[in-house]
Number of protein chains: 2
Amino acid sequence: MTDVTDGTRWLDDDEQCTWRAFLAVQRLLFDRLERQLQRDSGLPMTYYEILVRLSEAPDHTLRMSQLADSALSSRSRLSHAVARLEAEGWVRRRACAEDRRGSFAQLTEEGMAKLRAAAPEHVEAVRTELFDALTPAQLHALREISDAVVAHLCRPRP
Amino acid sequence: MTDVTDGTRWLDDDEQCTWRAFLAVQRLLFDRLERQLQRDSGLPMTYYEILVRLSEAPDHTLRMSQLADSALSSRSRLSHAVARLEAEGWVRRRACAEDRRGSFAQLTEEGMAKLRAAAPEHVEAVRTELFDALTPAQLHALREISDAVVAHLCRPRP
DNA sequence: ATGAACGCGTTGAGTTCTCAACTATTCCGA
DNA sequence: TCGGAATAGTTGAGAACTCAACGCGTTCAT
């Protein structure tokens, strides 16, 4: 698996450990946050994320494609998600006059209430599970690392 | 949402940015790796992970519960996953004589071949999408941060 | 002015995941 | 040694996601 004759740039032991530790964070942390949010509020994190982004938009309204971009979701995923959020009464779709292919998603009052109810426990979980584990220096490093990776992933594809 | 009278330890602006950047890494990076592996090898990352852990075990064999622990998977998730891997002929289940509730999962030769075929492109993707974005110092920091979070999450629950 | 290419959003089928319930076995204290 | 609790693993139903295909509106080059 670490044969060097095949042109693959395999990971060395250190890199391997780093990668696996990072993978472990990803699984352990997000499984836990997902579970907390589901148990306490009946929402997957991606749906919560959608409510958050809408709550920050002017008039609590965003074009579907802008919402997909800001929630880092595929169009399809967002469509399915908004369908459920609409059925629950937390989001409403509105037609777009300027571009009649498009549509708006708008957070309803009930949706805003739902978000307000869900937020405290979720934020508390993020804090206790992640932030409380790290020193201020580590938090700062995490910020820079994350920004670097995001920039790298969003660069024009080579 | 940032009302301080309710006892919730809200995130300040800096923390908010850190959290969102980290969340973005999680979504962008793992969506991409997942997609690459699915496209090139027809495997979800969690299934790939299972094959990896088995390949590292003595006799390519592990108890289901050990496998679940080492792949950071729930029992149920693992059961479903192994069912598919077995149907593909990549894993075989074996009864456990010492504890007749238990069972072993063993990687087959075909499973090993599958893993060998899938690995190079996946490792290459991990390298180009993550490692190439970071300086050696950042990689080192990422390792320490990840270890700290994992230790924090695995500590005896308070 | 027209038609091809593109963009927006949705849909349906199939896959993977979660949760809760279940069987079967083992452990352990009285 | 008996019986309840704990452990191993599986199952099925339902939720969420992916992919590919689609319908319809817009854009743009000719």
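Rules used in this analysis
Residues numbered from 1 in each chain as written. Chains lettered and ligands numbered in written order. Predicted model: local features only at pLDDT ≥ 70, side-chain atom pairs only at ≥ 80, totals over all residues. Heavy atoms only, no water. Near = heavy atom within 4 Å. Polar contact = N/O pair within 3.5 Å; in protein donor to acceptor, adjacent residues only side chain to side chain. Nonpolar A, V, L, I, M, F, W, Y, C, P; charged D, E, K, R; others polar. Contact = heavy atoms within 4.5 Å. Buried area = accessible area lost by both parts, 1.4 Å probe. Salt bridge = Lys/Arg side-chain N within 4 Å of Asp/Glu carboxyl O. Helix = DSSP H or I, 4+ residues; strand = E, 2+ residues; numbered from the N terminus.

(A) Seen up close, the protein's contact with DNA strand C. Close contacts around DNA strand C come from 24 residues, with S65 and S79 of chain A together with S76, R77 and R84 of chain B the closest. Restricting attention to atoms of DNA strand C within 4 Å of the protein, one finds that 68% of them are sugar or phosphate atoms. For DNA strand C, a base oxygen lies 2.9 Å from a polar atom in the side chain of H80 of chain A. A distance of 2.6 Å separates a phosphate oxygen of DNA strand C from a polar side-chain atom of R77 of chain B. Taken together, the residues of the surface near DNA strand C sort by class into three nonpolar, 10 polar and 11 charged.

(B) Seen up close, the interface of chain A and chain B. With 65 residues of chain A at the interface, the matching set in chain B holds 65 residues. Taken together, both faces of the contact between chain A and chain B bury some 6500 Å²; the carbon and sulfur share is 67%. When residues of chain A are sorted by the area they lose upon contact with chain B, R9, F22 and L153 of chain A head the list and together hold 11% of the total. Seen at the junction of chain A and chain B, the total is 10 salt bridges. Across the pair R9 of chain A and D132 of chain B runs a salt bridge whose closest N-O atoms are separated by 3.2 Å. The tally of links between chain A and chain B comes to 16 residue pairs in polar contact (both at pLDDT 80 or more). Sorting the residues of the side of chain A that touches chain B by element identifies α1 (13-41), α2 (45-55), α5 (109-129) and α6 (136-154) of chain A as the ones contributing at least two each. If you tally residues by element for the side of chain A that touches chain B, the top one is α1 of chain A, at 19 residues. For the side of chain A that touches chain B, the residue count by class is 37 nonpolar, eight polar and 20 charged.

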